Amino acid sequence: MILKKIAHYQDFFIDDRASIKDAIVKMNLNGDGSVVLIDENKPTAILTQSNIINAIEKNMDLSKKAYSIATTSVITINEDRPVDFAFSFLSEHNIRRLVLINEKEEFSGIVLQESLFDYMEENTYKIDLQILHILEKNLSVYSIDKSASLYDALELMKEKHIGSVIVINGKDTIGILTEKDILKLLCLDIDLDSNIQRYMSTPVIKVTKDTLVIQGISLIRRKNIRRVLVTDTEDNPVTILSSHDIFKHLKGKRQDGEYLMMQQFKLATMGEMIGHIAHQWRQPLAQLGGVFMNLDSAYEFDELNQNYLKDKVKNGTELIEYMSNTIEDFRNFFVPKSNKEVFEVNECIKSATNIIQATLVYHHIELEIITSEEPAHMNGYPNEFSQVILNLVNNAKDILLQRAIVSPSITIETMIKKNQIIILVKDNAGGIDNAIINKIFDIYFTTKSKDGGTGLGLYISRLIIENKLMGDITVSNGTDGAIFSIYLNKNEFIL
Ligand SMILES: Nc1ncnc2c1ncn2[C@@H]1O[C@H](COP(=O)(O)OP(=O)(O)O)[C@@H](O)[C@H]1O
Ligand SMILES: [Mg+2]
């Protein structure tokens, strides 16, 4: 799923020459506490509730330009990015909404954090998780007496950096007032000295600490609210929980799930790697055995002189060096590099295929590599890219063996078209059944139940290509077999 499909557009933008007041009207129309300011369709700033609250605090004239109080460093993101990417992006930048732009860099919509709830896979967080499990340690809830004015409430929110307060009557919670409520009132020219009781939301939607998080989410959605009051079993208010708080937490849970999956994948890859090492060492090990046998028989036949010995030692040392180098290759491959670097795609493909070369030779699988004429430079993560190539070649090898193909072969071809680097990985194993071709990139999808497939190879390959290298990966069936196509942007990638 791409971000464009879940974005809101209507009423989420306004010309950047508009007044603060007009902007507030838009915010109320779209129901979110934000509006994007645009100039000739391009986003120039974003205005949120807190900007407005600040302005009101400073007694600013609301007929002034909205731009003057807005945040001008707008973080934008391409509308074609996958939803998955948004999760990490939001929390990385600690923001609640994504401003989407199209390829012309024009504003094309806003994705709210709440919309992403629908895309959280259920298996990534615990079904039996309760509200109390996701609460912070030091909780507080701010209350204000029913006799207070709207202005008092606003001041309290500002002072404590909170988005809402509860209204109490003695020990009873009788209402809740949020920043958003106050903004609405401003729009209606309501005097901030008025009493809060007339404008607070009531009754207060409550959950107890032992409510399931999932139930909390569905309550928030059903009632179309942003916050619920959490109480203990004696009905004392504990804290106000916002959908943002829940999101932040579930993001964490999701990451835990992702971490486990990565571990699972690494373990499986490690197993495959050991298989490849075994193949690479088979020959030098046999040769090394031969060296010793030669020495042994030379001694027996009294032919062992210094020259002979030196020659054989040199022979053996070379073999050991070769073996040690292959181990080094594998090790380098596994060391994750967190920094982006410029790498050359053809070279990367060569080093990745070196690792599996001996295995392919052992199985009589022919590997053809067609490099692009020009060098294909790319800014990104070479190890991750190699991982993808290795996954694809491994899959091709598996299917070629499984179907016992006569003269099995794998072709990797790199091409450069305009600013794009295209990499094709083809085999002649007969292709992928149409019934499953749409599922092969899904997490845990595998047809290798007997042979211990994990169903993670292609899922992770797609994550790497889309989220780390900002490219695309697709699959189709050619005349001989499957064709995996990777599309990358040359040199730089743009967020
Ligand atoms: N080159 C290919 N030809 C035919 N089927 C393939 C090919 N590559 C992958 N597949 C199918 O896609 C499935 C998922 O692959 P992957 O995600 O790597 O998981 P795994 O290799 O653990 O099964 C495989 O089980 C296989 O059915
Ligand atoms: Mg695989």
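Asker: Got a minute to help me understand the pairing of strand β17 (residues 420-427) in this structure?
Answerer: One face of the sheet, then the other: side chains in a regular strand alternate in exactly this way. Counting buried residues in β17 gives six out of eight residues, a clear majority hidden from the surface. Strand direction decides the pairing type here: strand β16 (residues 409-417) and β17, joined by eight bridges, are antiparallel. Following the sheet pairing, T411 is matched in β17 by K426. With antiparallel pairing between neighbouring strands as the criterion, β16 and β17 make up a hairpin whose turn holds two residues, including K418 at a positive phi of roughly 50°.

Asker: Please clarify how the domain arrangement of the protein chain should be interpreted in this entry.
Answerer: A common way to report how large an interface is uses the accessible area buried once the components associate. Under the domain assignment used here, the protein chain contains domain 1 (3-119), domain 2 (123-249) and domain 3 (336-495). For domain 1 and domain 3, the distance between their C-alpha centres works out to 38 Å. Between domain 1 and domain 3, the contact holds six residues from the first and seven residues from the second. Roughly 570 Å² is buried in total at the junction of domain 1 and domain 3, and carbon and sulfur atoms are behind 55% of that figure. At the surface where domain 1 touches domain 3, the tally comes to zero salt bridges. The tally of links from domain 1 across to domain 3 stands at zero residue pairs in polar contact (both at pLDDT 80 or more).

Asker: Mind showing me how you'd approach helix α11 (residues 382-402) here?
Answerer: Note: α-helices contain 3.6 residues per turn, so residues at a spacing of three or four share the same orientation. Compared with the 30 Å implied by 1.5 Å per residue over 21 residues, the 30 Å span of α11 between its first and last C-alpha is a close match. Two residues or fewer after α11 comes A404, characterised by a positive phi angle close to 45°.

Asker: How should the sheet that holds strand β2 (residues 34-39) be read in this particular structure?
Answerer: Taken in spatial order, the three strands of this open sheet run β1-β2-β3, and their pairing is mixed. The two strands at the open ends of the sheet, each matched to only one other strand, are β1 (13-15) and β3 (42-48). On average, each strand axis in the sheet is inclined to that of its neighbour by 35°, with strand direction left out of account. When β2 meets β3, the two strands line up antiparallel, connected through six bridges. In the strand pairing of β3, S34 is matched with T48. Running over the sheet, helix α1 (residues 20-30) touches β1, β2 and β3 and is turned about 125° from β2.

Analysis parameters
- Residues numbered from 1 in each chain as written.
- Chains lettered and ligands numbered in written order.
- Predicted model: local features only at pLDDT ≥ 70, side-chain atom pairs only at ≥ 80, totals over all residues.
- Heavy atoms only, no water.
- Buried < 20%, exposed > 50% of the residue type's maximum accessible area, 1.4 Å probe, protein only.
- Helix = DSSP H or I, 4+ residues; strand = E, 2+ residues; numbered from the N terminus.
- Pairing = 2+ DSSP bridges.
- Domains from an automatic or database assignment.
- Contact = heavy atoms within 4.5 Å.
- Buried area = accessible area lost by both parts, 1.4 Å probe.
- Salt bridge = Lys/Arg side-chain N within 4 Å of Asp/Glu carboxyl O.
- Polar contact = N/O pair within 3.5 Å; in protein donor to acceptor, adjacent residues only side chain to side chain.
- Expected span 1.5 Å × (residues − 1).
- Axes fitted to C-alpha atoms, helices over the stretch in contact; angles between N-to-C directions.

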